[in-house]
Amino acid sequence: MTDLTEQKLATLNAIEAAQTPDALEELRVAALGKKGWVSAALKTLGQMSPEERTEAAPAIQAVRGEVGDAIAARKEVLEGAALEAKLASETLDLTLPAVEQKRGSVHPVSQVMDELAEIFADLGFAVATGPEIEDDWHNFTALNMDESHPARAMHDTFYFPDKDSEGRSMLLRTHTSPVQIRSMKEQGAPIRIIAPGRVYRSDSDATHTPMFHQVEGLVVDKGIHLGHLKWTLETFLKAFFEREDIVLRLRPSYFPFTEPSVEVDVGYAKEDGRRVVGGSGDDEGHEWMELLGSGMVNRRVLESAGVDAQEYQGFAFGVGVDRLAMLKYGMDDLRAFFDGDVRWLSHYGFSAFDQPTLSAGVGARA
Ligand code: PHE
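Residues numbered from 1 in each chain as written. Predicted model: local features only at pLDDT ≥ 70, side-chain atom pairs only at ≥ 80, totals over all residues. Heavy atoms only, no water.

## Structural notes on the domain arrangement of the protein chain
Much of the literature gives interface size as the accessible area that the parts lose upon coming together.
Here is step 1 of the chain: Taken domain by domain, the protein chain comprises domain 1 (2–89) and domain 2 (108–348).
Here is step 2 of the chain: Placing the centre of domain 1 and that of domain 2 at their C-alpha centroids yields a distance of 89 Å. (Domains from an automatic or database assignment.)

Structure (structure tokens):
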């Protein structure tokens with residue numbers, strides 16, 4: 001075996017054993033580089049006789065070809081393996097959301113309260129708030145329920161053991177109506193407010209929780225009558241449920257703080273076991289559902305709040321926010337609203353970017 005053949009075999013073995021592109025490159029330079037042994041062999045051709053050259057040249061060129069091919073083949077193998085390793089280490093989890101991982105959501109009660117604020121702002125209402133820890137004067141007495149009034153007993157009130165500095169019993173407010181009193185005392189008349197917030201009653205089953213949410217509405221001005229109340233409720237419910245065929249039924253009722261008082265029913269149909277608001281309750285396949293309490297503000301309430309009842313009239317209404325959310329978004333158990341189960345929250349919750357606007361539709365979902 002000539003030197004050349006020996007060197008060739010050694011190089012081919014080394015190429016086969018090379019584990020990295022760098023090692024392979026070293027072998028290439030050592031053989032085919034300017035100072036490599038193949039190049040050196042080619043240089044010897046110059047000193048040969050023509051006869052020797054015709055014999056030696058093809059042999060050297062053949063070695064060059066074989067070494068070159070072996071390097072290229074090994075390179076392909078090494079690059080393929082490197083790609084495999086890269087793919088294996090850089091796995092993509094295609095089950096992840098494309099843009100960002102969803103970490104929290106807006107509770108349906110918050111979303112509905114935002115929707116209400118948006119709808120009523122358009123009608124010129126401001127949002128008012130009051131304390132959840134209330135005294136019995138604001139929660140009852142000023143609303144025409146003095147100590148002996150039987151309606152007090154119907155409220156299943158949570159009382160605190162101690163009285164306040166003025167000797168008033170303290171309690172968790174049983175409705176948002178005390179905000180009527182506070183707002184009128186502060187701002188006088190005319191006034192146009194909604195007051196959303198938490199209320200508390202000692203009651204618990206599938207449709208009642210000890211804490212729930214109401215929104216109060218109050219309009220006091222000159223010449224206000226029941227027609228304004230009906231129009232306002234119709235306009236509000238059409239905007240809220242995003243349909244024109246909302247039909248209301250006003251029934252005479254009783255609340256100490258309104259006179260006359262009207263209970264408002266809304267027509268609905270059952271679709272897939274779910275109540276869908278719309279149409280008249282007297283229509284085929286429809287029924288009436290009690291939705292809210294309302295009425296003309298009792299003049300004794302205006303007087304308690306320092307508003308001249310000779311000059312001003314008003315209407316008020318109170319509606320359950322959780323109830324509205326259930327009807328609009330299809331939940332059937334109120335208790336789940338307050339369990340804090342992340343599966344429920346991510347199913348029924350809203351994106352923080354999905355802010356209700358009248359122009360985009362107050363019920364738009366991202
Ligand atoms: N406060 C009443 C309730 O909680 C609802 C209501 C508000 C009724 C305003 C009439 C006027 O049941």
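## Comments concerning the nonpolar core
Side chains of nonpolar character tend, in soluble globular proteins, to be buried together.
Here is step 1 of the chain: By size, the foremost hydrophobic cluster in this structure holds 46 residues, and its most contacted members are Phe-236 and Leu-324.
Here is step 2 of the chain: Elements with a contribution of two residues or more to this core: α5 (108–122), β6 (211–221), α9 (226–241), β8 (258–271), β10 (286–297), β11 (313–320), α11 (321–329) and α12 (342–348).
Here is step 3 of the chain: When near neighbours in sequence (up to four residues on either side) are disregarded, Phe-236 contacts Leu-116, Ile-119, Phe-120 and Leu-324.
Here is step 4 of the chain: By size, the runner-up hydrophobic cluster in this structure holds 25 residues, among which are Met-145, Ile-181, Ala-195 and Leu-302. (Core = buried A, V, L, I, M, F, W, Y, C linked by side-chain atoms within 4.5 Å. Buried < 20%, exposed > 50% of the residue type's maximum accessible area, 1.4 Å probe, protein only. Helix = DSSP H or I, 4+ residues; strand = E, 2+ residues; numbered from the N terminus. Contact = heavy atoms within 4.5 Å.)

## A look at the pairing of β8
Here is step 1 of the chain: Among the 14 residues that make up β8, 10 are buried, leaving the element largely enclosed by the rest of the structure.
Here is step 2 of the chain: Pairing between strand β7 (residues 248–255) and β8: 7 bridges, direction antiparallel. Bridge assignment links Leu-248 to a residue of β8, and that residue is Val-266.
Here is step 3 of the chain: Here β7 hands over to β8 after 2 residues, the two strands then running antiparallel side by side.
Here is step 4 of the chain: Of the pairings in the sheet, the one linking β8 to β10 comprises 10 bridges and is antiparallel in character. The residue of β10 that forms the bridge with Thr-258 is Val-297. (Pairing = 2+ DSSP bridges.)

## Let's talk about the layout of surface pockets
Here is step 1 of the chain: The space that makes up the largest pocket amounts to roughly 1300 Å³.
Here is step 2 of the chain: If you trace the largest pocket, you find 46 residues lining it, with His-208, Phe-212, Leu-291, Gly-320 and Arg-323 closest to the centre.
Here is step 3 of the chain: Secondary structure elements with two or more residues in the lining of the largest pocket: α7 (150–154), β6, β7, β8, β9 (274–277), β10, β11 and α11.
Here is step 4 of the chain: If one sorts the elements of the lining of the largest pocket by residue count, β10 sits on top with 6 residues.
Here is step 5 of the chain: By volume, the second largest pocket amounts to about 180 Å³.
Here is step 6 of the chain: Lining of the second largest pocket is provided by 13 residues; of these, Leu-123, Phe-125, Arg-192, Val-219 and Ile-224 occupy positions nearest its centre.
Here is step 7 of the chain: Of all the secondary-structure elements, those providing two or more residues to the lining of the second largest pocket are β5 (191–200), β6 and α9.
Here is step 8 of the chain: The class makeup of the residues in the lining of the second largest pocket is 9 nonpolar, 2 polar and 2 charged. (1 Å grid on protein atoms, 1.4 Å probe; cavity = no way out; pocket = protein on both sides within 12 Å on 5 of 7 lines; lining within 4 Å. Points joined across faces, edges and corners; volume = space filled by probe spheres on them. Nonpolar A, V, L, I, M, F, W, Y, C, P; charged D, E, K, R; others polar.)

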